[in-house]
Amino acid sequence: FELFLKHTKDNSQNGAMKHIQRMRRIINFSIANEWIDKDPFAKFKSKFNRVHRDFLTSQELQRLEEHDFSHDPKLEVVRDVFVFACYTGFAYAEVKKLRPSDIGKGFDGSYWILTNREKTKTSSNVPLLSKPMAIIEKYADHPIVVARGTLLYVHSNQKLNAYLKEVAKQCEISKPLTFHIARHTFATTITLSNGVPIETVSAILGHTNLRTTQIYAKIVQQKVSDDMNALRQKIDGPDNPTEGHSNMA
């Protein structure tokens, strides 16, 4: 089955493993109902490759937010939708279906987006920060937004990701910008890097398992390590960065 997924269906390693995970659920259900006698996956071990998750740094995000796209309104719309996702953590499908009725006042008197996550079908209550609220207000009277009854003007996923390449180029961002990077940026640069507890981030992202969110925490730890190593180089010098610290306990 693994060979079929990889070679016939051209799945990546992780893509094949996800399909096998789903198949194993069906197998376990069948065993529980005594439809089959034994588990054909009993000696099979799923092997996922570690995936590098790109995200925008605070400097890159600021450059994106402040860039003047008035000469190309199409790119301005794409940038604004992307920034909205950076400050809310919503995936493409969720941003596209958002409607004004999804905004309501929370228990604290401030405005929240109250909806369900598209992927996990779990409830998601996201407090609206000032920047995404400003974007919502900016497009409230946009003719396409009014006609569709949506919260924002969102292009098709294919067009959006194509336009994001041009947005990245104009903002001098070398990373391969896709819409999903906005979600990663929310988890790392916006929340975890600013001290938001991982349990809170997990709830906002709609994760059903905290281990999924811990991937982002590892990224943040790596960023801290990189920054401290750079600081160590400046303080201790490039030739002997750790001298004098080896015997400290």
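For the structure, check the block above.
J.: When you look at helix 3 (residues 58-66) in this model, what are you seeing that I'm missing?
T.: Structural remark: α-helix, 3.6 residues per turn; residues separated by three or four positions point the same way. Here helix 3 has its buried residues at Glu-60, Leu-61 and Leu-64. Looking down the long axis of helix 3, one finds its buried residues gathered within 100 degrees of arc, a one-sided arrangement. Facing away from the buried side of helix 3 by over 90 degrees, the exposed positions are Gln-59 and Glu-66. Tucked into the core, helix 3 has its buried residues touching helix 4 (73-86), helix 8 (157-170) and helix 9 (180-191).

J.: Would you take a moment to explain the pattern of salt bridges for this structure?
T.: Taken as a whole and assessed by the stated rule, the structure comprises seven salt bridges. In this structure, Asp-80 and Arg-79 form a salt bridge, with 2.8 Å as the shortest nitrogen-oxygen distance. We note that Asp-80, like Arg-79, is buried. As a salt-bridge pair, Asp-80 and Lys-138 come within 2.7 Å of each other at their nearest N and O atoms. Of this pair, Asp-80 sits in helix 4 while Lys-138 sits in helix 6 (residues 130-138), placing them 58 residues apart in sequence. Salt bridges sharing partners connect three or more residues here, namely Glu-76, Arg-79, Asp-80 and Lys-138.

J.: Got a minute to help me understand the packing of aromatic side chains in this structure?
T.: For any two aromatic rings, the description comes down to two numbers: the centre-to-centre distance and the angle of the planes. Scanning the model with the defined rule gives five aromatic pairs in all. Between Phe-82 and Phe-179, the aromatic rings sit 6.3 Å apart at their centres with planes inclined by 80 degrees, giving edge-to-face as the arrangement. In this pair, Phe-82 sits in helix 4 while Phe-179 sits in the loop between helix 8 and helix 9, placing the two residues 97 residues apart along the sequence. For Phe-179, a relative accessible area of 4% puts it in the buried group. Relative to Trp-112, the ring of Phe-107 has its centre 6.0 Å away and its plane inclined at 50 degrees; by these criteria the two rings are tilted. One Lys or Arg, Lys-175, reaches over the ring of Phe-55 and ends 5.5 Å from the middle of that ring.

J.: Looking at this model, I keep getting lost on the nonpolar core. Mind explaining?
T.: Nonpolar side chains tend to gather and get buried jointly when the protein is soluble and globular. Within the largest apolar cluster, 53 residues are counted, with the highest numbers of intra-cluster contacts made by Leu-56, Leu-64, Phe-82, Phe-84, Val-95, Leu-152 and Phe-179. Contributions of two or more residues to this core are made by helix 3, helix 4, helix 5 (92-97), helix 6, helix 8, helix 9, helix 10 (198-205) and helix 11 (210-236). Here the element with the most residues in this core is helix 4; it accounts for nine residues. Apart from the residues within four sequence positions on either side, Leu-64 is in contact with Leu-56, Phe-69, Arg-79, Phe-82, Val-83, Val-167, Cys-171 and Ile-173. Leu-5, Ala-16, Ile-20 and Ile-27 belong to the second-largest nonpolar core, a separate cluster that totals six residues.

J.: I tried to follow the packing of helix 3 against helix 4 on my own but got confused; where do I start?
T.: Pairs of packed helices are described in terms of their axes, by the angle between the two and the distance that separates them. Orientation of helix 3 relative to helix 4, taken along the N-to-C sense of each, is 145 degrees, at an axis distance of 10 Å. In this structure, helix 3 meets helix 4 at a crossing whose hand is left-handed. Two secondary-structure elements touch here, helix 3 through Leu-61, Leu-64 and Glu-65 and helix 4 through Arg-79, Phe-82, Val-83 and Cys-86. Each residue belonging to the contact of helix 3 with helix 4 can be placed in one class, and the counts come to five nonpolar, no polar and two charged.

J.: I keep staring at unusual backbone geometry and nothing clicks. Help me out?
T.: Glycine aside, residues mostly have negative phi angles, and peptide bonds mostly take the trans form. A positive phi is found at Asp-10, a non-glycine position, where the angle reads about 60 degrees. Mapped onto the secondary structure, Asp-10 falls in the loop between helix 1 (2-8) and helix 2 (13-32). Not every positive phi belongs to a glycine, and Glu-34 is a case in point at roughly 60 degrees. In this fold, Glu-34 is placed in the loop between helix 2 and helix 3.

J.: Looking at this structure, how should I read the pairing of strand 2 (residues 111-116)?
T.: Put simply, side chains in a regular strand alternate between the two faces of the sheet. In this sheet, strand 2 lies alongside strand 1 (residues 103-105) in antiparallel orientation, the contact comprising three bridges. In the sheet register, Ile-103 faces strand 2, and the bridge partner there is Ile-113. Linking strand 1 to strand 2, which pair antiparallel, is a turn of five residues; within it Gly-109 sits at a positive phi near 90 degrees.

J.: Looking at this structure, how should I read the side chain of His-155?
T.: Summarising the element assignment, His-155 is placed in the loop between helix 7 (143-148) and helix 8. The contacts of His-155, once residues within four sequence positions are left out, are Lys-74, Val-77, Val-78, Tyr-92, Lys-96, Leu-160 and Tyr-163.

J.: Help me understand the packing of helix 4 against helix 8, please; the structure alone is not making it clear to me.
T.: For the pair helix 4 and helix 8, the least separation of the axes is 9 Å and the interaxial angle reads 95 degrees. With respect to their mutual orientation, helix 4 and helix 8 come out roughly perpendicular. Contacts from Lys-74, Leu-75, Val-78 and Phe-82 in helix 4 reach Leu-160, Tyr-163, Leu-164, Glu-166, Val-167 and Gln-170 in helix 8. By residue class, the composition of the contact of helix 4 with helix 8 is seven nonpolar, one polar and two charged.

About the criteria used
Residues numbered from 1 in each chain as written. Predicted model: local features only at pLDDT ≥ 70, side-chain atom pairs only at ≥ 80, totals over all residues. Heavy atoms only, no water. Buried < 20%, exposed > 50% of the residue type's maximum accessible area, 1.4 Å probe, protein only. Helix = DSSP H or I, 4+ residues; strand = E, 2+ residues; numbered from the N terminus. Arc of directions from axis to C-beta. Contact = heavy atoms within 4.5 Å. Salt bridge = Lys/Arg side-chain N within 4 Å of Asp/Glu carboxyl O. Phe/Tyr/Trp six-rings, centres within 6.5 Å; stacked < 30°, edge-to-face > 60°. Lys NZ or Arg CZ within 6 Å of the ring centre and 35° of its normal. Core = buried A, V, L, I, M, F, W, Y, C linked by side-chain atoms within 4.5 Å. Axes fitted to C-alpha atoms, helices over the stretch in contact; angles between N-to-C directions. Left-handed = near helix turned anticlockwise from the far one by under 90°. Nonpolar A, V, L, I, M, F, W, Y, C, P; charged D, E, K, R; others polar. Pairing = 2+ DSSP bridges. Parallel < 35°, antiparallel > 145°, perpendicular 65-115°, else oblique.

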